[in-house]
Each structure stands twice: as structure tokens, then as C-alpha cells.
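Summary of the model geometry
Next come the chains, spelled out residue by residue.
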Amino acid sequence: MKKVVIHTDGSCLGNPGPGGWAAVLCLEDAGPRRELSGGYARTTNNRMEILAVVEALAALKEPCAVELFTDSQYVRNSVEKR
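The following refers to the structure shown. (Residues numbered from 1 in each chain as written. Predicted model: local features only at pLDDT ≥ 70, side-chain atom pairs only at ≥ 80, totals over all residues. Heavy atoms only, no water.)

Moving on to helix α1 (residues 45-58). Taking 1.5 Å as the rise per residue, α1 with 14 residues should run 20 Å; its terminal C-alpha atoms sit 20 Å apart, in good agreement. Among the residues making up α1, those that are buried are Met 48, Glu 49, Leu 51, Ala 52, Val 53 and Ala 56. Packed against the buried residues of α1 are β1 (3-12), β2 (17-27), β3 (33-43), β4 (65-69) and α2 (73-80). (Helix = DSSP H or I, 4+ residues; strand = E, 2+ residues; numbered from the N terminus. Expected span 1.5 Å × (residues − 1). Buried < 20%, exposed > 50% of the residue type's maximum accessible area, 1.4 Å probe, protein only. Contact = heavy atoms within 4.5 Å.)

This is how it looks when you write it as C-alpha cells:
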């Protein structure tokens, strides 16, 4: 099974306000990397943080072992505390 490392971030100016998200996906063995990003004119910081993760996982084309890095306590708690 392929191992993928994902780094995500999201932010907005104001809450709500204009915001964006980004994700970088890398094969663990330093293979090709893929960069994803997007944004909305009126959104929240938490929405952008979680959307970065959702879009990154949606971009996977086959089952993979995933190592996810985020600076968001909201995302971390969503995963660890369900």
C-alpha cells in the first residue's frame, strides 16, 4: 500500500470573511508531489481548515496509508476525539 504524507492549512480574514485552503500531498518515498488549493469569498477559518483535509483525502485515487499534518486544533480534535 502506498504511503502518502499530507500537509494542510486553511485561513480567513475575519470570521466570516474571505478565506482559502491548501494541501500538499507527497508520496512517502519522495515521489511526485501534488498541490491543491481553493477559497471562498465568505467563509470561516474552521471551514477552510477542515476543507483542506477533505479535499486532500478526496484527491487520493486509491487506498493509501496517510500521515496528516495540520496546525489546526479543530481538525486534530475532529480526528482524535471523533
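Of all hydrophobic cores here, the largest spans 12 residues; its members are Val 4, Ile 6, Trp 21, Ala 23, Leu 25, Leu 36, Met 48, Leu 51, Ala 52, Ala 56, Ala 59 and Cys 64. Of all the elements in the fold, those that place two or more residues in this core are β1, β2 and α1. Excluding its chain neighbours within four sequence positions, the residues that come into contact with Val 4 are Leu 25, Cys 26, Leu 27, Leu 60, Cys 64, Ala 65, Val 66 and Glu 67. (Core = buried A, V, L, I, M, F, W, Y, C linked by side-chain atoms within 4.5 Å.)

Now for the sheet that holds β2. What links the strands of a sheet is backbone hydrogen bonding, and the strands pair in either a parallel or an antiparallel sense. Read across the open sheet, the 4 strands follow the order β3-β2-β1-β4; overall the sheet is mixed. Lying at the two open borders of the sheet, with one neighbouring strand each, are β3 and β4. Across the sheet, the mean angle separating the axes of adjacent strands is 20° when strand polarity is ignored. Sheet topology note: the β2/β3 ladder contains 9 bridges and is antiparallel. (Pairing = 2+ DSSP bridges. Axes fitted to C-alpha atoms, helices over the stretch in contact; angles between N-to-C directions.)

With that out of the way, let us pick up the packing of aromatic side chains. By the definition in use, this model includes 0 aromatic pairs. Over the aromatic face of Tyr 40 sits the side chain of Arg 47, whose NZ or CZ is 4.2 Å from the ring centroid. (Phe/Tyr/Trp six-rings, centres within 6.5 Å; stacked < 30°, edge-to-face > 60°. Lys NZ or Arg CZ within 6 Å of the ring centre and 35° of its normal.)

Let us now look at unusual backbone geometry. In the segment running from Asn 15 into Pro 16, the intervening peptide bond is cis, with an omega of 10°. Locating Pro 16 in the fold gives a position in the loop between β1 and β2.

So, about α2. Two or three places before Tyr 74, at the start of α2, stands the capping residue Ser 72, its side-chain oxygen 3.3 Å from that residue's backbone nitrogen. Looking one or two places after α2, you find Arg 82, whose phi comes out positive at around 55°. (Polar contact = N/O pair within 3.5 Å; in protein donor to acceptor, adjacent residues only side chain to side chain.)

Once that is clear, we can look at the pattern of salt bridges. Opposite charge on two side chains permits them to pair, given that their charged atoms come into close proximity. Counting across every chain of the model gives 3 salt bridges. We note a salt bridge from Lys 2 to Glu 62, for which the minimum N-O separation is 3.7 Å. Taken together, the positions of Lys 2 in the segment before β1 and Glu 62 in the loop between α1 and β4 put the pair 60 residues apart, joining distant regions of the chain. The class for Lys 2 is partly exposed, based on a relative accessible area of 42%. When its relative accessible area of 39% is taken as the criterion, Glu 62 is described as partly exposed. One salt bridge in this structure joins Arg 33 and Glu 35, with 2.4 Å as the shortest N-O distance. The two residues Arg 33 and Glu 35 agree in class, both being exposed. (Salt bridge = Lys/Arg side-chain N within 4 Å of Asp/Glu carboxyl O.)

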